[in-house]
Every structure is written in C-alpha cells, then in structure tokens.
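Residue-level structure breakdown
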Amino acid sequence: MSLQDNDSQTLSHDDDDVLTLREPDDWHVHLRDGPMLAFAADYTARQFARAIVMPNLVPPVTTVAAAEAYRTRILDALPENRRFTPLMTAYLTDEIDREEIAKGFRNGVFTACKLYPAGATTHSAAGVTSVRKIWPVLERLQTIGMPLLVHGEVVSPDIDIFDREAVFLEKVLTPVLAAFPGLKVVLEHITTEDSVGFVEAAGSNLAATITAHHLRVDRSAMFEGGLRPHAYCLPVAKRRRHKEALRKAATSGHPRFFLGTDSAPHQKHEKESACGCAGIFSAPTALESYAQTFAEEGALGRLEAFASEFGPRFYGLPLNKGTVTLRREPQDVPELMGDDNVHVVPFHASETLAWRFADRTDQTPDDDRLR
Ligand code: NCD
Ligand code: ZN
C-alpha cells in the first residue's frame, strides 16, 4: 500500500496488500429486532467492537428497562464468543421522562439520546414535534454530560427535501448550541457541505458521523437508468459537490468527523415498492467500503483515526485494544442476502470491492500509543 500521509496512524502495514487497524466502532447503526436482528446484527458485530444502536424500534426505546431488554436481545442474536458491546440510546419524545434518561446514563445503560424530528424518517412518528418541547431535557443532558445525537432534518411540507438538512442547521441546531454551549452533540449522517462547514466552525462539543454510502452515492445515483430504491436513504443523498465535501471531510484527519454507517436494513419488497422505505444496508462490507473511499482519496493512512480513534475520544470512551485486518483482494458482493425470513439487497450489491475483511484479534498491538 502506498501510504501518502506522513502522519500515518496505521498500526502496521507489513505489505502493500494488508491493512491492519485498531478495532473500529460504528457510531450509528440500526440493528432492528426480531428476524431482521437475527439476520443483521452479526454483520456489525464481526467488524466493530462497539456500536451506537439506534432506538427507532416500534415502539421506540424510551425507558431503561426497554433498553436493557433490547441489549439482551442483541447479545442473544450473536454467535457465542463474539466480542461486541452494543451502546444503547434513548429515543426522545415530547413527553420523555428526563429522570429516566439520567438514571439510564448513570447506570451505564444509555450512552446517548437520539433526537428524531417527528416524521423525519423511518419510525420517527413518536419523535419530537418541536425542539422547544424538550428544552428541559437538553438542559439535563448538558448538566450530566450525556451526548445528544441528532437526525438533522427539518420536516415541513414547504421545505424541499434536499434543503432539510441546511434548514435544520439554521433553525434548530444553531439555537440549541447557543442555549446549551456545554451540550455534546453529534450531527448524525451528514450529507451536505453546509454541515461540514458548520461542524468545522463549531466548538469542540459538536461532531458529525459520516456514512459509507454518502461518500459514494450522490442524488444522481438514485435515478441511474431508472428509479434505484436501494440508493435511497434519509437524509437523502445530495448533489455531487456535497459528496465531494464529505469525502474531503472524512479523509481530512479532522477529529470531529468519524465513522457511523447508518446501516439500516429493510426487506427487499419494502424498498422495491410504490412507497419504498429509506435505508441502506451497508454492514456486511462497511469497512471495505470506507477503505475503498479512503484509498481513492490517497488517505488510507487516515482511516484508522476516522474509524477507531475520533469517535471514542469524542464520547470520552477508551480506545479498543484489538485489531482488524483487511486484505486487498477482490470481493464480489452478493445481489441479495438473507435467510428464511428476510431478504435484503446490500449496499454495493453485485459490485466487486477491492478489499476484504480478513481477521480480527483481541490482542493489544505492540504499540506505544496503547500503553
Ligand atoms: C433509517 C431506518 O431505516 O431506520 N433510515 C435511513 O434512511 N437512514 C432511519 C434514519 O436513520 O434516518
Ligand atoms: Zn440512522
């Protein structure tokens, strides 16, 4: 591998075709429930040591008991001996009990709260109708140091869907950050150059996650030769120049941009429908997809920091101690995945990727930075 960066963070790069990274985390994923959980969860758990698990189940995860029960179902869905820590989140509603959230955070059950504007995306009907309604909750989060994760879109019939994120920055995020300057906020799955600039200009309490697919899909991809439901997610992919800004931000080494796949599996028939669901299932080849983008940008040496260091540092959690290895070896992605109960078209379906996830160890690399 030709590492062009002098500031390479890569733990070891014995030869050009092997990429070894500190174990990464996924800071935004949908693991679902029931048969979809049984099918999907291990794709995340095999590549990532920890993941921030989205709470948009039906009904949503709003109590400590619900989060604990969901965490147990996740762990039960994984093979024995899989080392994986689901980091649970609380779904904010207009009526959410802030004492319950604070209790869950104190007990180590909740890692963060998730703000879905009502109606913004899949299973967000119970979300917040106006951020003013949760002002006292935000105050409490700021006091206890609990991160607020936001789906950054304003939903209003008079706002064009491609403008929803930019309007959110102005109408919601700016007043929230002004009122709560100590609140830790993650702007999830950013899709615009506006958000990149906003995060860069903000203080150290604002970060953003970037998905694998928004680094590769722009809005034209949804209409390539016909309607492409498997390229549809929310926030919807934007113009090419926004994708380019995201690629630059992700590969820049800026510590407040980090990995969050937003892998969101849906049944094939629910996406290929007259009113298809939003969501892209990227978990099976998440690291390979990011590696491909970083390689194309000449920034493979910065992948480890993006995937394994900036997230935990922002959340105030320890870095993982094991490693994962990718090999530069062609990998054909299936056109369809699933089992008896679910059928899902994955991200990169029918494409050949340049990298392949090869190995994961729990061994501490012989590296000064880990001591
Ligand atoms: C997510 C889902 O399906 O739960 N869909 C998506 O397009 N990203 C919800 C979300 O994160 O917006
Ligand atoms: Zn999501």
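Whatever comes next refers back to the structure up there.
A brief structural summary. (Residues numbered from 1 in each chain as written. Chains lettered and ligands numbered in written order. Predicted model: local features only at pLDDT ≥ 70, side-chain atom pairs only at ≥ 80, totals over all residues. Heavy atoms only, no water.)

**Observations regarding helix 9 (residues 286–296)**
- Buried residues dominate helix 9, accounting for nine of its eleven residues.
- Taken as a whole, helix 9 has its buried residues at A286, L287, E288, S289, Y290, A291, Q292, T293 and F294.
- G298, located one to two residues past helix 9, shows a positive phi value of around 65°. (Buried < 20%, exposed > 50% of the residue type's maximum accessible area, 1.4 Å probe, protein only. Helix = DSSP H or I, 4+ residues; strand = E, 2+ residues; numbered from the N terminus.)

**What to know about the coordination of the zinc ion (ligand 2)**
- Taken together, H28 (NE2), H30 (NE2) and D262 (OD) make up the protein donors of the zinc ion (ligand 2), found 2.0 to 2.1 Å from the metal.
- The site at the zinc ion (ligand 2) holds four donor atoms, and with the angles between them running 91 to 144°, its shape is irregular.
- One chain supplies every donor for the zinc ion (ligand 2), spaced along it as H-x1-H-x231-D. (Donors = N, O, S within 2.8 Å, 3.2 Å for Na, K, Ca; no water. Tetrahedral: all angles 85-135°; square planar, octahedral: opposite > 155°, others 65-115°.)

**Notes on the sheet that holds strand 2 (residues 25–29)**
- The strand order across the open sheet built from eight strands is 2-3-4-5-6-7-8-9, with neighbouring strands paired in parallel fashion. Each edge of the open sheet is held by one strand with a lone partner, namely strand 2 and strand 9 (257–259). Shown here is a sheet whose adjacent strand axes are inclined to one another by a mean of 30°, direction ignored.
- Judged from the three bridges that link them, strand 2 and strand 3 (residues 50–53) form a sheet pairing that is parallel. Pairing of D26 across the sheet is with A51, part of strand 3.
- Along the sheet, helix 5 (residues 164–179) makes contact with strand 6 (148–150), strand 7 (185–187) and strand 8 (206–210), crossing strand 7 at roughly 170°. (Pairing = 2+ DSSP bridges. Axes fitted to C-alpha atoms, helices over the stretch in contact; angles between N-to-C directions. Contact = heavy atoms within 4.5 Å.)

**Points about the side chain of H151**
- Within the secondary structure, H151 sits in the loop between strand 6 and helix 5.
- Among the polar contacts listed, one links the side chain of H151 to the side chain of H189, at a separation of 3.4 Å.
- Excluding its chain neighbours within four sequence positions, the residues that come into contact with H151 are K114, L115, Y116, P117, A120, T121, F168, H189, L234 and P235. (Polar contact = N/O pair within 3.5 Å; in protein donor to acceptor, adjacent residues only side chain to side chain.)

**Re the packing of aromatic side chains**
- The final tally for this structure, using the stated rule, is twelve aromatic pairs.
- Summarising the aromatic geometry, the rings of F258 and Y315 are spaced 6.4 Å apart at their centres and angled 65° between planes, so their arrangement reads as edge-to-face. Of this pair, F258 sits in strand 9 while Y315 sits in helix 10 (residues 303–315), and the two are 57 residues apart along the sequence.
- For F258, a relative accessible area of 0% corresponds to the buried category.
- A network of ring pairs unites the aromatic residues W27, F258, F314 and Y315 as a single cluster.
- Lying over the aromatic face of F162, R219 brings its terminal NZ or CZ to 4.9 Å of the ring centre. (Phe/Tyr/Trp six-rings, centres within 6.5 Å; stacked < 30°, edge-to-face > 60°. Lys NZ or Arg CZ within 6 Å of the ring centre and 35° of its normal.)

**Focus on the packing of helix 6 (residues 193–201) against helix 7 (residues 240–250)**
- Two elements in contact, helix 6 and helix 7, have axes whose closest approach is 8 Å; the angle formed by their N-to-C orientations is 35°. Contacts from E193, D194 and V196 of helix 6 reach helix 7 at R241, H242, A245, L246 and A249.
- Classifying every residue of the contact of helix 6 with helix 7 by side-chain character gives four nonpolar, one polar and three charged. (Nonpolar A, V, L, I, M, F, W, Y, C, P; charged D, E, K, R; others polar.)

**A word on the site of ligand 1**
- Around ligand 1, the structure places 15 residues, and the nearest of them are R32, T121, L234, D262 and H266.
- For ligand 1, an oxygen atom lies 3.3 Å from a polar atom in the side chain of H151.
- Between ligand 1 and the protein, one listed contact pairs a nitrogen atom with a side-chain N or O atom of D262 at 2.7 Å.
- Coverage of ligand 1 by the protein chains reaches 100% of its 320 Å² of free accessible surface.
- Split into classes, the residues belonging to the shell around ligand 1 amount to four nonpolar, nine polar and two charged. (Near = heavy atom within 4 Å. Areas by Shrake-Rupley, 256 points an atom, 1.4 Å probe, with all protein chains shown as cover.)

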